[in-house]
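# Examining the three-dimensional arrangement
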Amino acid sequence: MTEPSSTLPTRILGKTGIAVSEVGFGAWALGADWGTVTEDDALAALRAGVDAGMNLIDTADIYGGGRSERIIGKFLNELPDSASSGIHVITKMGRGEGWDSSADAVARAAEGSLERLGVDSLDLVQLHCVPFEVLSEGTVFASLEQARDQGLIRHYGVSVETIEEALFCIRETGAASLQVIFNIFRQRVIDELLPVAAEQGVGIVARVPLASGVLSGKYTSGHRFTDDDHRHYNANGEIFNVGETFAGVSFDTAVNHASAIDALLANECPGATPAQKALRWILDYDAVSTVIPGAKSSQQARDNASASRLPRISDDAHAGLADFYQREIAATVRGVY
Ligand SMILES: NC(=O)c1ccc[n+]([C@@H]2O[C@H](COP(=O)([O-])OP(=O)(O)OC[C@H]3O[C@@H](n4cnc5c(N)ncnc54)[C@H](OP(=O)(O)O)[C@@H]3O)[C@@H](O)[C@H]2O)c1
């Protein structure tokens, strides 16, 4: 790959001031926890996403113990400088072994990511769903600012689990952006977070946009995920926050919701897949800076990028989904958010 063949519409990522593609590349599955994704498939997916115009890749130091960052580093390395310099990798820290809020630990984590990614400075580091007590105690933000002063990172943001944490970060910290679970199953964000973030100029990165793939409509009740897929071992929050798997809805219920949503969106965006419509629904909210669907193949990466070019979903369909959320979905979302 030389230069990307297309560009996608961009939005400003909050206080970073960086213009990022509306649809970015979620790279958790390139590390682990989603069944087998070979390095060849991972590289092909990255190439396809960037070739389709994505200029943002979201990863974390712990995805596959650094595998996701290493593969992204390999991908960046195969590009000419003119192309790789236009790609913004946003990574995370805060969950690795031995990590704490100290300046030393933050600098060490940043140096590890820099090495794996093969870059000189990290565009944006996001705290990786650290406990609220760590956010509110504050040392970590001083440590991030020190890392910024040292040139290890350019900006910092926070990936959070709850709206309360998000609002705290907007009001009390220098976070440039927030990463939140936002999809058709998780609509509280619309009224409770997006207006405040927009007013304060804090970017919103929308994660788990396909509710771990269920909103693509391709799964049927009773489907069995492989043992090394979090959709098997964390289906009910056994290992980490239940919200990170199917956005907190139990699998069979999520499949039923997805089918009802498909019917409600039947007349929208002709020719688009349910996954693309689910992404378009998120992008219709202007306060969202970028949506980062995970992709395990080049086809998924291309399909996801295309959502950016779909027409907006009609007001009637938005109202229908808001009503469906209140009536049917809200009570089925498990876990704090
Ligand atoms: N704590 C955190 O900060 C945190 C937590 C979670 C996620 N994230 C970030 O957010 C990103 C996105 O979230 P996610 O990956 O958990 O969930 P997601 O984007 O809702 O779902 C991704 C999965 O959906 C399926 N898929 C993707 N595109 C598709 C398409 N066009 N058609 C059909 N199926 C498609 C793929 O799995 P299958 O093909 O196997 O179904 C893919 O792995 C992650 O990659 C990560 O970068 C961050």
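Everything discussed here concerns the structure shown above.
Residues numbered from 1 in each chain as written. Predicted model: local features only at pLDDT ≥ 70, side-chain atom pairs only at ≥ 80, totals over all residues.

### Notes on the overall build of the protein
For the protein, the helix and strand inventory stands at 14 helices and 10 strands. Its C-alpha atoms give the protein a radius of gyration of 19 Å, near enough to 20 Å, the size a compact globule of 337 residues would have. Here the C-alpha coordinates of the protein stretch approximately 50 × 45 × 40 Å along the principal axes. In the protein, of all internal contacts separated by at least 6 residues, the share reaching a separation of at least 24 is 80%. (Helix = DSSP H or I, 4+ residues; strand = E, 2+ residues; numbered from the N terminus. Rg over C-alpha atoms; globule rule 2.2 N^0.38 Å. Contact = placed C-beta atoms within 7 Å.)

### Examining the site of the ligand
Around the ligand there are 30 residues in total, and Gly 26, Leu 210, Gly 213, Ser 216 and Gly 294 lie nearest to it. Here the shell around the ligand gets 3 residues from one element, more than from any other, and that element is helix H13 (residues 298-306). Considered class by class, the residues forming the shell around the ligand number 13 nonpolar, 10 polar and 7 charged. (Near = placed C-beta within 6 Å. Nonpolar A, V, L, I, M, F, W, Y, C, P; charged D, E, K, R; others polar.)

### Digging into the sheet that holds strand S6 (residues 124-128)
Spatially, the 8 strands line up as an open sheet ordered S3-S4-S5-S6-S7-S8-S9-S10, and their pairing is parallel. The sheet is open, and its two edges are formed by strand S3 (25-26) and strand S10 (290-291), each paired on a single side. The pairing of strand S7 (residues 156-159) with strand S8 (residues 177-181) spans 2 bridges and is classified as parallel. Counted as the bridge partner of Ser 159 is Gln 179 from S8. (Pairing = 2+ DSSP bridges.)

### Points about helix H6 (residues 139-149)
Residues of H6 that are buried: Val 140, Phe 141, Ser 143, Leu 144 and Ala 147. Within H6, the buried residues cover an arc of 160° as seen down the axis, which keeps them to one side. In the core, the buried residues of H6 are packed alongside helix H4 (103-117), S6, helix H5 (132-137) and S7. Of the residues flanking the end of H6, it is Gly 151, one or two places downstream, whose phi is positive at about 85°. (Buried ≥ 20, exposed ≤ 12 C-beta atoms within 10 Å, placed from the backbone. Arc of directions from axis to C-beta.)

### As for the packing of helix H1 (residues 39-51) against helix H2 (residues 67-78)
Following both chains from N to C, one finds H1 and H2 inclined at 55°, their axes separated by 10 Å at the closest point. Taken together, the axes of H1 and H2 are oblique relative to one another. When the axes of H1 and H2 are compared, the crossing they make is right-handed. Residues Glu 39, Ala 42, Leu 43 and Leu 46 of H1 touch H2, and the partners they reach there are Ile 71, Ile 72, Lys 74 and Phe 75. Taken together, the residues of the contact of H1 with H2 sort by class into 6 nonpolar, no polar and 2 charged. (Axes fitted to C-alpha atoms, helices over the stretch in contact; angles between N-to-C directions. Parallel < 35°, antiparallel > 145°, perpendicular 65-115°, else oblique. Left-handed = near helix turned anticlockwise from the far one by under 90°.)

### Structural notes on the nonpolar core
One broad trend across soluble globular proteins is that nonpolar side chains are buried collectively. One finds Leu 178, Val 180 and Ala 211 to be the most contacted residues of the largest nonpolar core, which totals 102 residues. In terms of residues, this core owes the most to one element, helix H12 (residues 274-283), which gives 6 residues. Ala 211 has contacts with Asn 183, Phe 185, Phe 246, Ala 247, Val 249 and Ala 254, leaving out every residue within four places of it along the chain. (Core = buried A, V, L, I, M, F, W, Y, C linked by C-beta atoms within 7 Å.)

### Observations concerning the pairing of strand S5 (residues 88-93)
Most of S5 is tucked away, with 6 of its 6 residues classed as buried. Side-chain alternation along S5 places His 88, Ile 90 and Lys 92 on one buried face and Val 89, Thr 91 and Met 93 on a second face that is also buried. In the sheet, strand S4 (residues 56-58) pairs with S5 via 3 bridges, with the strands oriented parallel. Bridging from a neighbouring strand, Leu 56 pairs with His 88 of S5. Read as a crossover between parallel neighbours, the route from S5 over H4 to S6 is right-handed. (Right-handed = clockwise from strand over helix to strand, strands pointing away.)

### A few points about helix H7 (residues 163-172)
If you check which residues of H7 are buried, you get Glu 165, Ala 166 and Cys 169. Viewed along the axis of H7, the buried residues span an arc of 100°, placing them on a single side of the element. H7 presents Arg 171 and Glu 172 as exposed residues on the side facing more than 90 degrees away from its buried surface. On the buried face of H7, the contacting elements are H5, S7 and S8.

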